[in-house]
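Given next are the chains, with one letter for each unit.
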Amino acid sequence: MNFELESHANDHGRAYQQGLGQQFNFENAYFAGQEHLLPQIFKGPIDPLVRESDPLEIGVHRAPMARGNAVPPYVARDVDLEITSRVNSAVKHGGLVLIVGDSTAGKSRSAYETILRVAPDHRLVAPYDRDQLRSSLVSLISGSNPALLWLDDMERYIGPNGLTPRIASHLRAAGIAVIGTIRTEHYRALAALVGLRARNDSRGHNELVSAEHVLNLADTVFLERRWTPGELERANRVEDPRVADAVTHGRTYGVAEYLAAGPMLYGEWQMAWRVGGNPRGAALVAAAVDCHRAGLHDSVDIETLCIVSKPYLEEAGGAVLRPETIEDAITWASHRRYGVTSMLLPGKRPGTYRAFDYLVDNVMRSTDAKPVPGYVWEAALKVSDGDIMRMHEIAAAAQSQGNFDIAKEVWEGQASAGFGSGAHNLGLLHLRAGRNDEAEHWLQSAVELGSLASATELGHMLEDSARLNEAASWYEKAAAGGNAHAMYHVGWIRRNKGDNQEAEQWFRRAIEKNEEAASSGLGELLIESGRFEEAESLLRSAGDDGDAYAMIHLGIAFISQERIKDAEEAWLKALELGAPEAALNLAEMNSKIGRKADAEKWFRKAISENVSGATRQLGVFLTKDRRRWAEAEKLLREASTRQDPYAYANLAEVLMLRQRKDEAEAWFRKAIEGGIKRVVPRFAQALEEMGRIEEAIPLWQQLVDEGDEEATFALAKVKKGQGALDEAMRLFRVAADAGDTAAACEVARLHYLQRNSAGYEKWLKISLEGGHGHAACLLGYLYSSRGEFEAAEGFWTRAYKGGHFHVAAELATLLVRQGRGDEAATWLRRVNSGNRARSGGGRQPGRKTSRRKK
């Protein structure tokens, strides 16, 4: 970058080379008295090229100064190839790459070195906040040089007024690469809030929806804080004293972390509590750390820190420690160490401070960290009184740490002052605690104060409670006010009631308001009505916006059209977007088309992603291979430990296959107790197989009483086998009248046993009319016995075409008797081919119930 320095701070400012980028050294000016800091004016392009950029200015931590450079030589990380591949793809095609890791793990440095290699001549756009991000979008897309968007500390940019899924999609469509970093704590916090939203179905919270979809759109790489042996070995080969020193501590701390002096600062802080140390300064730092934990993230005035620090000092020993003066304590805590940073950093406002991030992170990571004391919360509330945003941050911090009393106090105060956001947050607080009555009260209050989002939340809560009509009224209230997410939910309620036409209108209105989820809802609706072309377009659009479940539904639609490859691609994309359930779809698809190895691979992938039911379904899949029954049993036993009644049923089946019928009985009973109704007939069959017919009869009768036609047929067979022919006749007639053509054939057989030839013929014809092929066989025998050969030939020919190949021999005999030798010979050849077909092996199909036309 060519620039001209017009003024400098305290005559210490200087331009020099840092790594591969030119930098202006503000270190002394920054830590010197702020009242002497003059503005620095640069002449040159607003957005430098990547190769001209300063790594310190875009977020790379400075290390101790050496050889006039605050950025030591770069040591390649193990994930660099992965980062390079993903960044290279984003540079070529557009997309978001997100690097996740702890504070000082080296995220920014690894990302910077990657873009320096991959896109040195791209313009580097690095906005400071959400507002600057929005103002940069036009220049990003319309500039003459290709551009790259740098979002260090990504959580600062995500949200309705910043980076939304739609903006991310537009940037990708424009071929813009977006490179972001985020600390692990913030990434986990966003993921936890998304999970909480999912559990409570709080889809109306726009910021969480945005966070979820943006995270889904990101190509994520995780960077470990601790370095691997290979990374340490590479670092050992670097000729830089700072790196060499860091490597000696690399097994305890990450090298990048150590270079940024975090552990040394933390250690010095802990040592300062002793007599002769700096106990008052240590207390100031402790106060600043806990003020940050209490929601005062950007700055705390020195007076407040001094007041809050006194209990920390007293708890550590007070006057016994011979504490230094307050002036010396401030000097010690804010003094820059190792040429890098200090424990207390200047805050955003004059006369304020904030704790160094590493110290805060280290305390928050600790499993034995004490809760933020009450006096810190009180101080935070006092200094933030009247500042709505700071009070909100305090309440949010309190809620995240389980201090619901503070959160409740803040939001009740805001609600009483007429702020709808306070009542809204208070409603959510009660909702997450399971206090639905209180939640409903406060959300209604928020609606009265003008919060449409609260009307949507009420809809969610009431829908979860099956109060659908009330939910619909709140959704409609929010929708009438222009809330697009509420329109989406009105669409779903209308669809669930079967009013698809009105549901479609609501979905389309939501889409017009840029409600991304509505594209998926409308797409699913259109698939049901056969308008696949538009549905496919909508679902693909939703997938491009990060909706993984839209891609799952698109894959299901493709399967219904036998578009196997397209379904596979849709589910692979769903996996990339963060829907592990798609692995189960891929497994089931491959199982059905006979790709057994691929099916097993995807079943195991689903298991590794903790997809519900995956272990059980792999067990069922392996049951098809006799050689793997033992493995199937092991998997199903594991699934049964998760209180899955379906696993009980499947385990019972595999135990039956392995002839361990007594064990199977216990699992059948557990499945029935678990509410799996379909197990009852299978259990009854198992009892019959064990010769315990009398125990099976009550089970069949229970199902018959409930109108189960299959059970009616089964009980009729049992009664027939016991010789109770009248009862069998009655039950078969019930099943036959309900359309069971196999039952009609059985009615005919019973008439035959009763020597009722008219009844026998009548019911065979009824059975045949419904499509039961065996009735054609029997009719052939009946008409042949009467000498009506032409009719017999017709019935047997029909039976043969229906797969009853044994009648070929009967046809051959019939034709010989009529002197039709050539035709008889043809049927004799078919006898042989039919025998080969029957001896081809494989499991014989069970009874198939065909339905006769009524």
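The rules behind each value
Residues numbered from 1 in each chain as written. Predicted model: local features only at pLDDT ≥ 70, side-chain atom pairs only at ≥ 80, totals over all residues. Heavy atoms only, no water. Helix = DSSP H or I, 4+ residues; strand = E, 2+ residues; numbered from the N terminus. Buried < 20%, exposed > 50% of the residue type's maximum accessible area, 1.4 Å probe, protein only. Contact = heavy atoms within 4.5 Å. Areas by Shrake-Rupley, 256 points an atom, 1.4 Å probe, with all protein chains shown as cover. Core = buried A, V, L, I, M, F, W, Y, C linked by side-chain atoms within 4.5 Å. Salt bridge = Lys/Arg side-chain N within 4 Å of Asp/Glu carboxyl O. Axes fitted to C-alpha atoms, helices over the stretch in contact; angles between N-to-C directions. Left-handed = near helix turned anticlockwise from the far one by under 90°. Nonpolar A, V, L, I, M, F, W, Y, C, P; charged D, E, K, R; others polar. Pairing = 2+ DSSP bridges. Expected span 1.5 Å × (residues − 1). Right-handed = clockwise from strand over helix to strand, strands pointing away. Parallel < 35°, antiparallel > 145°, perpendicular 65-115°, else oblique. 1 Å grid on protein atoms, 1.4 Å probe; cavity = no way out; pocket = protein on both sides within 12 Å on 5 of 7 lines; lining within 4 Å. Points joined across faces, edges and corners; volume = space filled by probe spheres on them. Phe/Tyr/Trp six-rings, centres within 6.5 Å; stacked < 30°, edge-to-face > 60°. Disulfide = S-S within 2.5 Å. pLDDT = per-residue confidence, 0-100.

Q: Mind showing me how you'd approach the overall build of the protein chain here?
A: On a plain count of helices and strands, the protein chain comes out with 44 helices and 10 strands. A burial count over the protein chain gives 51% of its 854 residues as buried. Counting contacts in the protein chain only where the partners sit at least 6 residues apart, residues at least 24 apart contribute 59% of the total. By element, 50% of the accessible surface of the protein chain is carried by carbon and sulfur atoms, the whole surface being about 40,300 Å².

Q: For this particular structure, what's the right way to read the nonpolar core?
A: One recurring pattern in soluble globular proteins is that nonpolar side chains are buried together. In this structure, Phe-668, Trp-700, Phe-732 and Leu-764 are the most contacted members of the largest nonpolar core, which totals 105 residues. Non-local contacts of Trp-700, meaning those with residues more than four positions away in its chain, are made with Pro-681, Ala-684, Gln-685, Glu-688, Ala-711, Ala-714, Leu-715 and Val-718.

Q: Sorry, what's going on with the pattern of salt bridges here?
A: It is possible for side chains bearing opposite charge to pair when their charged atoms get close. In total, this model carries 60 salt bridges according to the counting rule given. A salt bridge links Lys-677 to Glu-706; the shortest N-O distance between them is 3.1 Å. Separated by 29 residues along the polypeptide, Lys-677 in the loop between α34 (661-673) and α35 (679-689) and Glu-706 in the loop between α36 (693-705) and α37 (709-721) bring together distant segments of the chain. The structure contains a network of salt bridges with shared partners spanning Glu-633, Arg-637, Arg-658, Arg-660 and Glu-663.

Q: How should I be thinking about the packing of helix α40 (residues 757-769) against helix α41 (residues 773-785) in this particular structure?
A: Helix-helix packing: each pair is described by the crossing angle between the helix axes and the interaxial distance. Axis separation between α40 and α41 bottoms out at 9 Å; the angle between their running directions is 145 degrees. Taken as a pair, α40 and α41 cross one another with a handedness that is left-handed. Residues Tyr-760, Glu-761, Leu-764, Lys-765, Ser-767 and Leu-768 of α40 form the contact with α41, whose own contacting residues are Ala-775, Ala-776, Leu-778, Leu-779, Leu-782 and Tyr-783. Residue composition of the contact of α40 with α41, by class: nine nonpolar, one polar and two charged.

Q: Quick question: what am I supposed to make of the sheet that holds strand β10 (residues 352-355) here?
A: To summarise the sheet geometry, strands pair through backbone hydrogen bonds and adopt either a parallel or an antiparallel arrangement. Read across the open sheet, the three strands follow the order β8-β10-β9; overall the sheet is antiparallel. The strands lining the two open edges of the sheet, one partner per strand, are β8 (300-301) and β9 (344-346). Here β8 pairs with β10 via two bridges, running antiparallel. Residue pairing in the sheet places Val-300 in a bridge with Tyr-353 of β10.

Q: Would you mind showing me how to read helix α21 (residues 452-464) here?
A: Residue pairs spaced three or four apart in an α-helix point in one direction, given the helix's 3.6 residues per turn. Helix length check: α21, at 13 residues, gives a terminal C-alpha distance of 19 Å against a target of 18 Å (1.5 Å per residue), a fit within 8%. Of the residues making up α21, those classed as buried are Ser-454, Ala-455, Thr-456, Glu-457, Leu-458, Gly-459, His-460, Met-461 and Leu-462. Of the surrounding elements, those touching the buried residues of α21 are α19 (420-432), α20 (436-448), α22 (468-480) and α23 (484-496). A positive backbone phi angle near 65 degrees is found at Ala-466, which sits one or two residues after α21.

Q: How should the side chain of Ser-451 be read in this particular structure?
A: If you trace the backbone, Ser-451 turns up in the loop between α20 and α21. The contact partners of Ser-451, leaving out residues within four places of it in the chain, are His-424 and Ala-446.

Q: So what exactly am I meant to see when it comes to helix α3 (residues 107-118) here?
A: Taking 1.5 Å as the rise per residue, α3 with 12 residues should run 16 Å; its terminal C-alpha atoms sit 16 Å apart, in good agreement. With 10 of 12 residues buried, α3 is to be regarded as a mostly interior element. Of the residues making up α3, those classed as buried are Lys-107, Ser-108, Arg-109, Ser-110, Ala-111, Tyr-112, Glu-113, Thr-114, Ile-115 and Leu-116.

Q: Any chance you could explain the pairing of strand β5 (residues 147-151) here in plain terms?
A: A regular strand places its side chains so that they alternate between the two faces of the sheet. Burial analysis of β5 places five of its five residues in the buried class, which makes it a mostly covered element. Burial along β5 is two-sided: Ala-147, Leu-149 and Leu-151 facing one way and Leu-148 and Trp-150 facing the other are all buried. In this region the chain leaves strand β4 (residues 123-125), passes through helix α4 (residues 130-142) and returns to the parallel neighbour β5; the handedness of that crossover is right-handed. Judged from the four bridges that link them, β5 and strand β6 (residues 177-183) form a sheet pairing that is parallel. Within β6, the residue paired with Trp-150 across the bridge is Ile-179.

Q: Is there a simple way to think about the sheet that holds β4 in this case?
A: If you trace the five strands from one edge of the open sheet to the other, you get β4-β5-β6-β3-β7, paired in parallel fashion. Looking at strand neighbours, the two that pair on one side only are β4 and β7 (219-222), the edges of this open sheet. For this sheet, the mean inter-axis angle between neighbouring strands, taken without regard to orientation, is 20 degrees.

Q: Which parts of the structure should I look at to understand the packing of helix α16 (residues 374-384) against helix α17 (residues 388-400)?
A: Two elements in contact, α16 and α17, have axes separated by 9 Å at closest approach and are oriented at 160 degrees. Here α16 lies roughly antiparallel to α17, going by the angle between them. Crossing geometry of α16 relative to α17 is assigned as left-handed. From α16, Trp-377, Ala-380, Leu-381, Val-383 and Ser-384 reach across to α17, where they touch Arg-390, Met-391, Ile-394, Ala-397 and Ala-398.

Q: How should I be thinking about empty space enclosed by the protein in this particular structure?
A: A water-sized probe rolled over the atoms picks out the places where empty space is left. For the structure shown, the criterion picks out one cavity of 30 Å³ or more. Taken as a whole, the largest cavity encloses approximately 80 Å³ of empty space. The wall of the largest cavity is formed by Gly-95, Leu-96, Leu-163, Ala-168, Leu-171, Arg-172, Ile-176, Val-178 and Leu-217. Those elements that place two or more of their residues in the lining of the largest cavity are β3 (95-101) and α5 (165-173). Counting residues per element, the lining of the largest cavity draws most heavily on α5, at three residues. Among the residues making up the lining of the largest cavity, the classes are represented as seven nonpolar, one polar and one charged.

Q: Explanation requested: the pairing of β6 in the structure shown.
A: Most of β6 sits out of view: seven of its seven residues are buried. Here β6 shows no split at all, with Ala-177, Ile-179, Thr-181 and Arg-183 on one side and Val-178, Gly-180 and Ile-182 on the other all buried. As defined by bridge partners, β3 adjoins β6 across seven bridges and the pair is classed as parallel. What sits directly across from Leu-98, in β6, is Gly-180.

Q: When you look at the packing of aromatic side chains in this model, what are you seeing that I'm missing?
A: In this description, an aromatic ring pair is defined by two values, namely the gap between the centres and the angle between the planes. Tallied over the full model, the rule gives 16 aromatic pairs. A ring pair is formed by Trp-492 and Phe-507, whose centres lie 5.8 Å apart and whose planes are at 80 degrees; its orientation type is edge-to-face. One end of the pair, Trp-492, is in helix α23; the other, Phe-507, is in helix α24 (residues 500-512), with 15 residues separating them in the sequence. Across this residue pair, the class does not change: Trp-492 and Phe-507 are buried.

Q: Is there a simple way to explain the state of the cysteines in this structure?
A: Covalently bonding the sulfur atom of one cysteine to the sulfur atom of another cysteine gives a disulfide. Taken as a whole and assessed by the stated rule, the structure comprises zero disulfides. Cys-745 provides the cysteine sulfur closest to Cys-777, a residue in no disulfide bond, and the two sulfurs are 8.9 Å apart.

Q: Would you take a moment to explain the confidence of the model for the protein chain for this structure?
A: Low pLDDT marks regions whose predicted coordinates should not be analysed in detail. Mean pLDDT over the protein chain: 83, with 87% of residues reaching 70 or higher. Mean pLDDT values for the elements of the protein chain range from 35 in strand β1 (residues 14-18) up to 96 in helix α12 (residues 279-293). Low pLDDT (under 50) marks residues 193-206, which in the prediction has 28 contacts with non-local residues, meaning those over four places away or in another chain. In this model, residues 836-854 is a region of pLDDT below 50 whose contacts with residues beyond four sequence positions or in other chains number 32 contacts.

Q: Looking at this structure, how should I read unusual backbone geometry?
A: It is generally the case that most residues other than glycine have a negative phi and that most peptide bonds are trans. One non-glycine residue with positive phi stands out, namely Asn-610, at about 60 degrees. Looking at the secondary structure, you find Asn-610 in the loop between α30 (596-608) and α31 (614-623). Under the relative-accessibility criterion, Asn-610 is labelled exposed at 68%. In this structure, Gln-659 takes a positive phi of about 60 degrees despite not being glycine. Take Gln-659: it is sitting in the loop between α33 (645-657) and α34. Exposure remark for Gln-659: the relative accessible area of 59% places this residue in the exposed category.

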